[in-house]
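Reading the structure
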Amino acid sequence: MKAFILKIVFLFLLVSPALHSEGVGIKTLDAEACRVLVQAGEILSMNDLMQLVSTLSEGKIIDTHLLQKERLYIYEMEIAGPDGMVSMLYVDARNGDVVDPVVLEAQD
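Residues numbered from 1 in each chain as written. Predicted model: local features only at pLDDT ≥ 70, side-chain atom pairs only at ≥ 80, totals over all residues. Heavy atoms only, no water.

Here the focus is the confidence of the model for the protein. Per-residue confidence for the protein gives a mean pLDDT of 77, with 72% of residues at or over 70. At the low end of the mean pLDDT range in the protein sits helix α1 (residues 2-24), at 41; at the high end sits helix α2 (residues 31-39), at 94. Counting interchain partners and residues more than four positions distant, the pLDDT-below-50 stretch residues 2-23 has one contact. (pLDDT = per-residue confidence, 0-100. Helix = DSSP H or I, 4+ residues; strand = E, 2+ residues; numbered from the N terminus. Contact = heavy atoms within 4.5 Å.)

What follows is the structure, encoded as structure tokens:
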């Protein structure tokens, strides 16, 4: 019985992130989707993004994800500062404007 309950809890934990992200409507796009959007002129390239970050911060990009919520594209970036502190930066992938991550959670 205990093993059965553990299996149920484990399955619930596996399904929970998928249910949460579907409810919010935010998708993480892969490298191929990013390449297609850059070629179509829809979003900034990674090279443009790196130049932009260098003007906003002395830090280095250590990880980047392209997020989509409906027609909104946001680069979510982890930035390692010169002091070693890691911070998150959210940038509109179309125009390079820094955005508040609350934009992704706002109800339309």
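Okay, the pattern of salt bridges next. Any two side chains of opposite charge can pair if their charged atoms end up close together. Under the defined criterion, the tally for this structure stands at two salt bridges. Between E32 and R35 there is a salt bridge, with the nearest N and O atoms lying 2.3 Å from each other. Taken together, the residues span about one helical turn, with E32 and R35 both in helix α2 at a distance of three residues. When its relative accessible area of 43% is taken as the criterion, E32 is described as partly exposed. Given a relative accessible area of 39%, R35 falls into the partly exposed group. (Salt bridge = Lys/Arg side-chain N within 4 Å of Asp/Glu carboxyl O. Buried < 20%, exposed > 50% of the residue type's maximum accessible area, 1.4 Å probe, protein only.)

Turning our attention to the pairing of strand β3 (residues 72-80). Sheet analysis places strand β2 (residues 60-69) next to β3, joined by nine bridges and oriented antiparallel. The residue bridging D63 from the neighbouring strand is E78, located in β3. From the end of β2 to the start of β3, which pair antiparallel, there are two residues, and E70 there has a positive phi angle of about 55°. (Pairing = 2+ DSSP bridges.)

Moving on to the sheet that holds β3. Sheets are built from strands that pair by backbone hydrogen bonding, the pairs being arranged parallel or antiparallel. Pairing in this open sheet of four strands is antiparallel, and the strands run β1-β2-β3-β4 from one edge to the other. Of all strands in the sheet, those with a lone pairing partner are β1 (26-29) and β4 (86-92), marking the two edges. Neighbouring strand axes in the sheet, compared pairwise and without regard to direction, differ in orientation by 30° on average. (Axes fitted to C-alpha atoms, helices over the stretch in contact; angles between N-to-C directions.)

Counting 14 residues, the largest nonpolar core has I43, L66, Y73, Y75 and M77 as the members making the most contacts within it. Sorting the residues of this core by element identifies α2, α3 (46-56), β3 and β4 as the ones contributing at least two each. Among the elements that line this core, the one with the most residues is β3, at four residues. Once residues within four sequence positions are removed from consideration, I43 is found in contact with C34, L37, V38, L66, Y73, Y75, A93 and R94. (Core = buried A, V, L, I, M, F, W, Y, C linked by side-chain atoms within 4.5 Å.)

Attention shifts here to the environment of L44. Looking at the secondary structure, you find L44 in the loop between α2 and α3. For the pair L44 and D92, spaced 48 residues apart in sequence, the C-alpha separation works out to 8.9 Å. The contact partners of L44, leaving out residues within four places of it in the chain, are V38, Y75, D92, A93, R94, N95 and G96.

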